[in-house]
Amino acid sequence: MSSEPPPDARPDAPPDHDPDGLDLARALTRATAKSTPKARKPKRQDSKWNRSRVTGSHPDDRDPQLLDDTLSRLVADHGWDLDLRVQGVFGRWAELVGAEVAEHCTPESFDDGRLVVRTASTAWATQLRLLAPTVVRRLNEELGHGTVTVIEVLGPHGPTWKKGPRSVRDGRGPRDTYG
């Protein structure tokens, strides 16, 4: 017998040790752990969808979509774009025409370029008629050129004579109060 250890034996093992079984498995595990890099976790994007992630081989409608893109497509498909912009103007009426005018005048409807505005008094109706070109210009800046063509100014609602359970349709009201 020779006194030299076999060539595949560990250098730190005693010379009479045979490397097989559990010792051999440990040695192989250590060797492979040193030679392969550790797997890194993929970086997560901060609160944004990765637009390049798709299901299958190409992007389709089943992929996760951003809410903004989905709502924009829904609005465009149904033709609600102008209606939403007009309602946005109604919501920001005081910002567009000024606080004092907005206190006495409220928009009622918008159809085919005609904006109907109701005023609190006949004096404010006259004032708004004088301001109409300026208001049309401001609204067209917000909505797009040519969206609002005319402002129809309505005065305050007149008094109603529908008092009590017995009233006549198309009646002229009480006649004794007007002499």
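The name an unreviewed UniProt entry assigns to the protein is DUF721 domain-containing protein, from the organism Nocardioides hankookensis.

*Asks:* Run through the overall build of the protein, naming residues and quoting values.
*Replies:* A tally of regular secondary structure across the protein gives six helices and three strands. Its helices and strands in sequence order give the protein the pattern α-α-α-α-α-β-β-α-β, from N to C terminus. Among the 179 residues that make up the protein, the fraction classed as buried is 21%. Pairs at least 24 residues apart make up 48% of the contacts formed inside the protein by residues separated by at least 6 positions. Carbon together with sulfur atoms contributes 54% to the accessible area of the protein, which is approximately 14,900 Å² in total.

*Asks:* Give a description of the pattern of salt bridges that names residues and reports values.
*Replies:* Counted under the stated rule, the structure contains five salt bridges. One salt bridge connects R114 with E152, and the closest N-O pair in it is separated by 3.3 Å. Remark: E152 occurs in strand β3 (residues 150-154) and R114 occurs in strand β2 (residues 114-119); sequence separation between them is 38 residues. Residue R114 is classed as partly exposed on the basis of its relative accessible area, which comes to 39%. Notably, a salt bridge pairs R137 with E141, separated by 3.2 Å at the nearest N-O pair. Of the two residues, R137 and E141 both sit in helix α6 (residues 122-143), four residues apart, roughly one turn of that helix. Of the residues examined, R137 reaches a relative accessible area of 46% and is grouped as partly exposed. Judged by its relative accessible area of 57%, E141 is exposed.

*Asks:* Hey, could you go over the pairing of β2 for me, with residue numbers and the actual values?
*Replies:* Within β2, five of the six residues are buried, which leaves it mostly tucked inside the rest of the structure. Note that strand β1 (residues 105-111) and β2 share six bridges and pair antiparallel. Directly across from P107, in β2, lies its bridge partner V117. The hairpin formed by β1 and β2 contains two residues between the paired strands, and D112 there has a positive phi angle of roughly 50°.

*Asks:* Account for helix α3 (residues 81-91), naming residues and giving values.
*Replies:* Listed as buried for α3 are V86, V89 and F90. The buried residues of α3 all sit within an arc of 100° when viewed along its axis, so they share a single face. Residues of α3 that are buried make contact with α4 (93-97), β1, β2 and α6.

*Asks:* Describe the environment of R92, and please don't skip the residues or the numbers.
*Replies:* Its place among the elements puts R92 in the loop between α3 and α4. A sequence separation of ten residues divides R92 from A102, and the C-alpha atoms of the two residues are 9.7 Å apart.

*Asks:* Provide a residue-level description of the packing of α3 against α6, including the pertinent values.
*Replies:* Between α3 and α6, whose axes approach to 10 Å, the crossing angle comes to 130°. The orientation of α3 with respect to α6, classified from their angle, is oblique. The chirality of how α3 crosses α6 is right-handed. Seen from α3, the contacting residues are R85, V86 and V89; seen from α6, they are L139, E142 and L143. Residue composition of the contact of α3 with α6, by class: four nonpolar, no polar and two charged.

*Asks:* Quick one: what's the story with a nonpolar patch on the surface, residue by residue and with numbers?
*Replies:* Residues L67, L71, L74, W80 and L84 make up a contiguous nonpolar surface patch of about 500 Å² in total accessible area. Counting residues per element, the nonpolar patch draws most heavily on helix α2 (residues 67-78), which supplies three residues.

*Asks:* Residues and numbers for the side chain of N140, please.
*Replies:* The topology assignment puts N140 in helix α6. In this structure the side chain of N140 is engaged in a polar contact, spanning 2.8 Å, whose partner is the backbone nitrogen of V148. Apart from the residues within four sequence positions on either side, N140 is in contact with H145, G146, T147 and V148.

The rules behind the values
Residue positions are given per chain, counted from 1 along the sequence in the order it is written. Local features are withheld for residues below a pLDDT of 70 in this predicted model, meaning they are given only at 70 or higher, and side-chain atom pairs are given and counted only at 80 or more; totals for whole chains, interfaces and linings count all residues. Each side-chain value is derived from all of the structure's non-hydrogen atoms; neither hydrogens nor water enter the calculation. Helical segments are the DSSP runs of H or I of at least four residues, strand segments are the runs of E of at least two, and each set is numbered from the N terminus. Each residue's exposure class comes from its accessible area (1.4 Å probe, protein chains only) as a fraction of the maximum for that residue type: buried when under 20%, exposed when over 50%, partly exposed otherwise. Whether two residues touch is decided by their heavy atoms; if any such pair falls within 4.5 Å, the residues are in contact. Methods summary: accessible areas were calculated by the Shrake-Rupley approach with a probe of 1.4 Å, and residue burial reflects only the protein chains presented. In the sections that follow, a salt bridge refers to a side-chain nitrogen of Lys or Arg positioned within 4 Å of a carboxyl oxygen of Asp or Glu. By definition, two strands form a pair when at least two bridges between them are found by DSSP. Our arc is simply the arc of the directions from the helix axis toward the C-beta atoms. Helix axes use the C-alpha atoms of the stretch in contact, all axes being lines fitted to C-alpha atoms, and the angles between their N-to-C directions lie in the range 0 to 180 degrees. Angle categories are assigned with fixed cut-offs, so that under 35 degrees is roughly parallel, over 145 is roughly antiparallel, 65 to 115 is roughly perpendicular, and the rest are oblique. Crossing handedness: left-handed means the near helix sits turned counterclockwise from the far one by under a right angle, and right-handed means the same turn made clockwise. Classes in brief: Ala, Val, Leu, Ile, Met, Phe, Trp, Tyr, Cys and Pro nonpolar; Asp, Glu, Lys and Arg charged; the others, Gly included, polar. Every patch collects residues that have over 30% relative accessible area and no salt bridge, joining them within 9 Å if they carry like charges and within 5 Å if they are nonpolar side chains (Val, Leu, Ile, Met, Phe, Trp, Tyr). Any N or O atom pair separated by 3.5 Å or less is treated as a polar contact, with the protein-specific requirement of one donor-capable and one acceptor-capable atom, and with residues adjacent in sequence counted only for side-chain atom pairs.

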